[in-house]
Amino acid sequence: MTLRIKALLVHYLTATGAVFAMLALLAAVDDKWSLMYVWLVVAFFVDGIDGPLARHYDVKTNAAKYDGVLLDLIIDYLTYVFIPAFALFESGLLPDWTGWTCILIITFTSALYFADTGMKTKDNSFAGFPGAWNMVVLVIFATEPNYWLVLGLVVICAGAMFTNLKFIHPVRTERWRRLSLPITLLWTLLAGISAWADFHPGPVVTVALSLTSIYLLFVGIVQQVFPPQSA
């Protein structure tokens, strides 16, 4: 198999995210939230491995016909933003105007963030909350907090998009990656278990999911507070 074919296959792997997004949306339309999130977790896993493969096979050189960055952004908006926002709106967790407020805030601010040319930091982290609403909404589904807490969380995360607060990329951010990557894999497993259990996985999984989510949400900010010591 030539290097060009291998590079093309990486693009095709990325494009499967669009298929998983459609399957998730079809499940969401039928209020099958567990099935929807199973597909979103699969898409999340694909999103985690296609980047390293793209860099390994240098797709920009060996398969330049397709813009891998653009392809990834399109799929990420669907799986990280659009479908989770739709699910949150349709789930019944947010009554009346709060549902409309959240879905409009999430989709509008995320569209701006995904087009922000300064969204990446020098260490391959994100400047501002990276629109990972799939993770936020999954935890909301699993914990079912008061709708005022949900509204507050949405407003805070959306506002954080337009700050210089740092949020790690669990694969590309090198600092503490030996800890961050296993925690991300654990979060993915816990998310899959929660979805499979119809978001009633039991207290152990729910607590573990919440703790891993807190780590992934705040570890980048902690790194800013405690920068690495210069040699």
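Structure shown above.
Here goes a summary of the coordinates provided. Just so we're clear, the structure is a prediction, and the values are computed from it rather than from any experiment.

1. What about helix α1 (residues 3-29)?
Here comes step 1: Here α1 is 27 residues long and its end C-alpha atoms lie 40 Å apart, about the 39 Å a rise of 1.5 Å per residue gives.
Here comes step 2: Looking only at α1, the buried set comprises A7, L8, V10, H11, T14, G17, F20, A21, A24, A27 and A28.
Here comes step 3: Of the surrounding elements, those touching the buried residues of α1 are α2 (33-56), α3 (59-62) and α4 (68-90).
Here comes step 4: Downstream of α1 by one or two residues, D31 has phi in the positive range, about 60°.

2. A few points about the packing of aromatic side chains
Here comes step 1: Counted according to the given criterion, the structure contains 13 aromatic pairs.
Here comes step 2: When the centroid spacing of 5.9 Å and the interplanar angle of 80° are considered together, the rings of W33 and F141 count as edge-to-face. One end of the pair, W33, is in helix α2; the other, F141, is in helix α6 (residues 133-143), and 108 residues separate them in sequence.
Here comes step 3: On the accessibility criterion, W33 (14% relative accessible area) is buried.
Here comes step 4: Geometrically, the ring pair formed by F129 and W133 is edge-to-face, given 5.2 Å between the ring centres and 75° between the ring planes.
Here comes step 5: Residue classification places F129 among the buried positions, given a relative accessible area of 3%.
Here comes step 6: Under the relative-accessibility criterion, W133 is labelled buried at 1%.
Here comes step 7: Among the aromatic residues, those joined into a ring-pair cluster are W33, Y37, F141 and F199.

What counts, and where the lines are drawn
- Residues numbered from 1 in each chain as written.
- Predicted model: local features only at pLDDT ≥ 70, side-chain atom pairs only at ≥ 80, totals over all residues.
- Heavy atoms only, no water.
- Helix = DSSP H or I, 4+ residues; strand = E, 2+ residues; numbered from the N terminus.
- Expected span 1.5 Å × (residues − 1).
- Buried < 20%, exposed > 50% of the residue type's maximum accessible area, 1.4 Å probe, protein only.
- Contact = heavy atoms within 4.5 Å.
- Phe/Tyr/Trp six-rings, centres within 6.5 Å; stacked < 30°, edge-to-face > 60°.

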